[in-house]
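Now for the letters of each chain:
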Amino acid sequence: MAIEDRAAPISSGAGNLWFAAPAMLLFGTFVLWPLGASVYYAFTFWDGFSAPRWAGFANFARGLTDITYLMSYVHVVLYILATLVFEVSFGLVMAVLLNSDRPGFALMRGMFFSPVVLSMSAGGVLWTFVLDYRTGLLNSVLKALGLGDWAQPWMSQPETALLFICLVSGWKYAGFYMVIFFAALRRIPKNIYEAARLDGANALHQFFHVTLPMLRQNILVCVLLAVMGGFAGFDLFFTMSNGQPFGATEVPATWIIKQAFDQDQIGYGVALTVILTVVVSLISIVYIRLSERANVTRY
Amino acid sequence: MSRATERRRSPAEWLQFGIAAVIVAAMFYPAIWMVYSAFKTNREIFRTPFALPKEWQWGNLIEAWEVGKLGTLYLNSVFITTAAVAMCVLLATAAAFAFTRLEFPGRRLMYRLLLVGLLIPPPSVAIALFTQLRDMHLLNTPWALILPCAAWQLALTVFLMRAYFNAVRPEMEEAARLDGANVWQILWHVSVPMVWPAMLTMIVLNTIAVWNELLFALLFITDDSQRTLPVGLVRFSGYHSTDYALVFAALAITTVPILILYFILQKQVIAGLTATAMD
């Protein structure tokens, strides 16, 4: 991300501000301003209507001892780890599997990608019905296979609810990572594989010793997208369980919304968002630094 | 077509095809199941979940459309998405043009500020944004979604448009400059036609993002007549959680047109969504 890789400007002067000003005004008003306001409100007791009262670090202290809030980070980390398996890794495997010019493969790639364009709410509602205890597709399949005893109320058990949200997330997003890896696979020169084959490498060897190293950069980017997307995760959790059963699927975003809007504790909710912002920014900055360094030492 | 497609398939290729087909079919089946279940009665859905409907109940679709006021939801979504995407892509193109082709005070600082937007998840400002929109008297109007959605998509769109501008040498623009064109004319008549394909990609990328947006839509619009499709669908399935046929019908009405549009525009859609992660 070099900042200065451009040709000489075609014009200079303060008048040129007009080209960037509208975008910056919109961005400043609806992104930077509320971000700054959040930092202020986080230090106040505020119900959203009366005047905010200064609270010092009270909201933060409360947030750091709020068991549900802390557990929501455990859940979101589990979710992110699962997305690395069900989305990124599965997407990579499918990209290799669907990488063929034979008839049928283009259609299969299109079908595999299609859930990505649907809204999370449509996906969430659909899967709520697939996982329904009485009439859901999953339990019907199990009964049809003679495994009726395995049928479970998947979304109302703490042990399975989070797992199934992770699986649905995989269903939704594996296609996204598949097309990224697929595009990258197409750029790997064919003669590298031919050389590997001449050296006696089988398909598995080729995957681990040619494909993976060549996709290194793409994998790093995809992991970053999965981690950042995971922390922002809200839609699927809200649609499928909204924290239930017994808080087993509570993630930071769903808990924050409940604190702020259902309990009228705007100040406290905002403090929780500030903690979330700090956590996410720190993790992504450290990750970007580390992956840049890893590349420098590698090449 | 390469010669590889004319050769007969080897057993390994058949195996590859077979495994891929089973996985893809298993993942696509719930969508098909949803569509034909939309035409069944509740009793059929419960008794014979896999079977096709005995009689296709077109009435389900009409009932869902009317009960869920899906027409209103569609109109709201179309209006909000169109306005937000147009605003975002136009402003982002002008800004990317300024950041790559022009020099002005504060250029680097502005660009760096904009990059902050790439790091921050929307839930982080949702609450402060809510009180701000309330004070601006914008809650429950389309603008409560158009302005924040356009603003939140700006960072990524400028970032990607800037990369496109950097990939094209500014020779055309310089030539126009020498011919005496002013900067506005250059942007409009030279640069925009040049980066138009990239703008199209950004339109697709942002359309999908805004169309599917749930968090802001849920918080900033509480008036039923102003809601967008994703929120409307969640509410609908909440009210009618025992009327399976009706919910499936609403799901089918809201997803099938999107899927058809996707299969028609597949190339552009995939280019738009992968722009996020390439290069």
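On a predicted model such as this, the values are computed, not experimentally measured, just so you know.

Within chain B, the regular secondary structure consists of 13 helices and 1 strand. Seen in sequence order, chain B has helices and strands lined up from the N terminus as α-α-α-α-β-α-α-α-α-α-α-α-α-α. Relative to the compact-globule value of 19 Å for 279 residues, chain B shows a C-alpha radius of gyration of 24 Å, a clear excess of over 25%. For chain B, the C-alpha atoms occupy an extent of roughly 75 × 65 × 30 Å along the three principal directions.

This brings us to the environment of B:Met110. With respect to the helices and strands, the residue B:Met110 is situated in helix α5 (residues 107-119). Taking the C-alpha atoms as reference points, B:Met110 and B:Ala95, 15 residues apart in sequence, are found 9.9 Å from one another.

Turning our attention to the environment of B:Val183. By the element assignment, B:Val183 lies in helix α9 (residues 183-211). The spatial distance from the C-alpha of B:Val183 to the C-alpha of B:Glu171 is 14 Å, given a sequence separation of 12 residues. Beyond its immediate chain neighbours, meaning those up to four positions away, B:Val183 contacts A:Ser11, A:Asn16 and B:Leu102.

Right, let's get into the interface of chain A and chain B. Bring the parts together and some accessible area is lost; that lost area is often taken as the interface size. Counting from both sides, the interface comprises 82 residues of chain A and, opposite them, 90 residues of chain B. With 18 residues, helix α1 (residues 17-41) of chain A is the single largest residue contributor to the side of chain A that touches chain B. Looking at the side of chain A that touches chain B residue by residue, the classes come out as 56 nonpolar, 21 polar and 5 charged. Two strands pair when backbone bridges link them, and strand β1 (residues 11-12) of chain A and strand β1 (residues 102-103) of chain B are joined in this way by 2 bridges, in the parallel orientation. Note that in β1(B) the partner of A:Ser12 across the bridge is B:Glu103.

Moving on, we come to α5(B). Among the residues making up α5(B), those that are buried are B:Met110, B:Tyr111, B:Leu114 and B:Gly117. Around the axis of α5(B), the buried residues are gathered within 95° of arc, so they sit on the same side. For α5(B), the exposed residues set more than 90 degrees away from the buried face come down to B:Arg108, B:Leu109 and B:Arg112. Elements in contact with the buried residues of α5(B): α1 of chain A together with α4 (70-101) and α7 (143-167) of chain B.

On to the nonpolar core. Ranked by internal contacts, the top residues of the largest apolar core, which has 177 residues, are A:Ala23, A:Met178, B:Ala92, B:Ala95 and B:Leu154. Dropping the residues within four chain positions of it, A:Ala23 is found in contact with B:Leu91, B:Ala92, B:Ala94, B:Ala95, B:Leu154 and B:Val158.

With that settled, the discussion passes to the confidence of the model for chain B. Residues and elements named next belong to chain B. Summary statistics for chain B give a mean pLDDT of 88 and a share of 97% for residues scoring 70 or more. No element of chain B has a lower mean pLDDT than helix α13 (residues 266-274), which averages 80, and none a higher one than α4, which averages 94. Across the whole predicted complex the pTM is 0.86, and at the interface the ipTM reaches 0.87.

With that settled, the discussion passes to unusual backbone geometry. Residues and elements named next belong to chain B. The backbone of Lys69 shows a phi angle near 50°, a positive value even though the residue is not glycine. With respect to the helices, strands and loops of the structure, Lys69 is situated in the loop between α3 (58-67) and α4. Residue class for Lys69 comes out partly exposed when judged on the 16 C-beta atoms lying within 10 Å of it. Its identity as a non-glycine residue notwithstanding, Asn140 has a phi of 60°, on the positive side. Tracing the backbone through its elements, the reader meets Asn140 in the loop between α6 (126-135) and α7.

Residues and elements named next belong to chain B. Viewed as axis vectors pointing N to C, α5 and α7 meet at an angle of 115°, and their least axial separation amounts to 8 Å. In the packing of α5 onto α7, the handedness of the crossing is left-handed. Here Leu114, Leu115, Gly117 and Leu118 of α5 lie close against α7, whose contacting residues are Leu154, Ala155, Leu156, Val158 and Phe159.

With that settled, the discussion passes to the packing of α9(B) against α13(B). Residues and elements named next belong to chain B. Running from N to C, α9 and α13 cross one another at 80°; their axes reach a closest spacing of 8 Å. Between α9 and α13, the crossing angle belongs to the class labelled roughly perpendicular. Contacts between α9 and α13 involve Leu200, Thr201, Val204, Leu205 and Ile208 from the former and Gln268, Val269, Ala271, Gly272 and Leu273 from the latter.

Rules and cut-offs
- Residues numbered from 1 in each chain as written.
- Chains lettered and ligands numbered in written order.
- Predicted model: local features only at pLDDT ≥ 70, side-chain atom pairs only at ≥ 80, totals over all residues.
- Helix = DSSP H or I, 4+ residues; strand = E, 2+ residues; numbered from the N terminus.
- Rg over C-alpha atoms; globule rule 2.2 N^0.38 Å.
- Contact = placed C-beta atoms within 7 Å.
- Nonpolar A, V, L, I, M, F, W, Y, C, P; charged D, E, K, R; others polar.
- Pairing = 2+ DSSP bridges.
- Buried ≥ 20, exposed ≤ 12 C-beta atoms within 10 Å, placed from the backbone.
- Arc of directions from axis to C-beta.
- Core = buried A, V, L, I, M, F, W, Y, C linked by C-beta atoms within 7 Å.
- pLDDT = per-residue confidence, 0-100.
- Axes fitted to C-alpha atoms, helices over the stretch in contact; angles between N-to-C directions.
- Left-handed = near helix turned anticlockwise from the far one by under 90°.
- Parallel < 35°, antiparallel > 145°, perpendicular 65-115°, else oblique.

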